[in-house]
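# Structural overview for review
Each chain, letter by letter, is given below.
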Amino acid sequence: MTPSTQPAALPEHSYGGGNGAPAVNQGTTTGGDNRAAHGNHAPVREEALGELHAAVGRIAANVEKVIVGKPDVVRVALVTLLAEGHLLVEDVPGVGKTSLAKALARSIDCTVSRIQFTPDLLPSDITGVSIYNRQDNDFEFRPGPVFANIVVGDEINRASPKTQSALLECMEEHQVTVDGQTYPLGSPFMVIATQNPIEMEGTYALPEAQRDRFTARVSIGYPDLQAELAMVDEHAGHDPMADLRPVSDAEQVLRLVNVVRRVHLSPEIRRYAVELVGATRRLPELRLGASPRSTLQLVRAARAQAALAGRDFVVPDDIHAVAVPVLAHRLVLTAEAQAARRSPADLVRNLLQRVPVPQAAHDPTGQFLHSVNPNHHR
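Rules behind the numbers
Residues numbered from 1 in each chain as written. Predicted model: local features only at pLDDT ≥ 70, side-chain atom pairs only at ≥ 80, totals over all residues. Heavy atoms only, no water. Helix = DSSP H or I, 4+ residues; strand = E, 2+ residues; numbered from the N terminus. Buried < 20%, exposed > 50% of the residue type's maximum accessible area, 1.4 Å probe, protein only. Contact = heavy atoms within 4.5 Å. Areas by Shrake-Rupley, 256 points an atom, 1.4 Å probe, with all protein chains shown as cover. Core = buried A, V, L, I, M, F, W, Y, C linked by side-chain atoms within 4.5 Å. Salt bridge = Lys/Arg side-chain N within 4 Å of Asp/Glu carboxyl O. Arc of directions from axis to C-beta.

### Observations regarding the overall build of the protein chain
If you tally the helices and strands in the protein chain, you get 15 helices and 15 strands. Evaluated residue by residue, the protein chain yields a buried proportion of 51% over its 378 residues. Long-range pairs, those at least 24 residues apart, make up 75% of the contacts in the protein chain with a sequence separation of at least 6. Of the roughly 17400 Å² of accessible surface on the protein chain, 51% is carried by carbon and sulfur atoms.

Right under this line is the structure:
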């Protein structure tokens, strides 16, 4: 990457890898016209990027009042929100999985519901059910908790596969079908689910079709010494969640999502994303590589990452920043790779070093150009 394409950071956050105000593309009008000629949406206005930068900074600061010392985890959650995706938080008990989900939900003034997944939970407990109304002599639909802007699913792997499957249509098509009738879900719509990968007694592993519908998976991990000391000082006698107030709303989130949709994705970056995902399908360590759905979600997340960095175009570093959370949980290792203690995240990182990266530069007209160096990262 050239110095002109280094991403900027949100205020007091290291999301973009740099410092300062949003690094809005300084291309001339010709550059914007070139982007439109390539089939992308109209260029993103500087004011729109500024609103996104400020709003996401407020949400991040709000969440970090609860989740101390984990800015990268918060970044992935915000990228998933702006990419219109769903987040799987997978980690051991007590590290703040549910707190992350609740803090993000409370930071946005929208409808929020929480589902406690248990073995006896039924699909209708999630989607809703048709109940006979004696007064009208007809059946009426009672919506379930999935009819909310943000749905927090606690311990999703404790429900049976039958119940888990109730989320498949919701997460992919943003609709619910009950008794032959289809009901659209609201917008924005995001599922934030948690699961414990250690305690497997009484749990049901998520099927691959379910895991593939989560845009990203994140593990919070244990805090470092300073973060845990700060947590003890600030949270031991008071619950910060009680004081959390919304700093955005559903209408603004929709505007930010529309901004992300218009972030420029050049043909070279598209090809790079396709080649990276395709490379997972040829790895001998894997029984199952990443799906075409993961390619779409990878570029959506890269657009969101670019917007968080204050840019209206995607660069290879944006793909690198989101590749592991977006791709790793979709990969299925062979028995030999599991015995050798290989991890899907390590395999994705190795691919990022091996797949040739498009090199970005700007010509005098402001057009975003690329040239592929086949020896880069080899």
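Following the structure, the description resumes.
### Brief notes about the nonpolar core
Judged by nonpolar contacts, the single largest core of 82 residues is most densely connected at Leu 52, Leu 87 and Leu 276. Counting residues in each nonpolar core, the second largest holds 23 residues, with Ala 148, Ile 156, Ala 159 and Phe 214 among its members.

### Quick look at the pattern of salt bridges
This model, assessed by the stated rule, comprises 15 salt bridges. As a salt-bridge pair, Asp 212 and Arg 330 come within 2.7 Å of each other at their nearest N and O atoms. Of this pair, Asp 212 sits in the loop between helix 8 (208-211) and strand 10 (216-218) while Arg 330 sits in the loop between helix 13 (316-327) and strand 13 (332-333); the two residues are 118 residues apart in sequence, bridging distant segments of the chain. Asp 212 gets classed as buried once you look at its relative accessible area, which sits at 11%. A relative accessible area of 3% means that Arg 330 is categorised as buried. Arg 271 serves as the salt-bridge partner of Glu 275, at 3.1 Å between the closest nitrogen and oxygen. Residue Glu 275 and its partner Arg 271 are both found in helix 11 (residues 267-280); the two are separated by four residues, about one turn of the helix. We classify Arg 271 as exposed; its relative accessible area is 57%.

### Brief notes about helix 7 (residues 166-173)
Regarding helix 7, the residues found buried are Ala 166, Leu 167, Cys 170 and Met 171. Across the axial projection of helix 7, the buried residues extend over an arc of 95°, all falling on one side. A positive phi of about 55° marks His 174, the residue just after helix 7.

### Observations regarding unusual backbone geometry
Between Ser 187 and Pro 188 the backbone carries a cis peptide bond, its omega angle lying at 0°. Within the secondary structure, Pro 188 is located in the loop between strand 8 (181-184) and strand 9 (190-195). Phi at Asp 179 takes a positive value of approximately 55°, unusual for a residue other than glycine. Position of Asp 179 among the secondary structure elements: in the loop between strand 7 (175-178) and strand 8.

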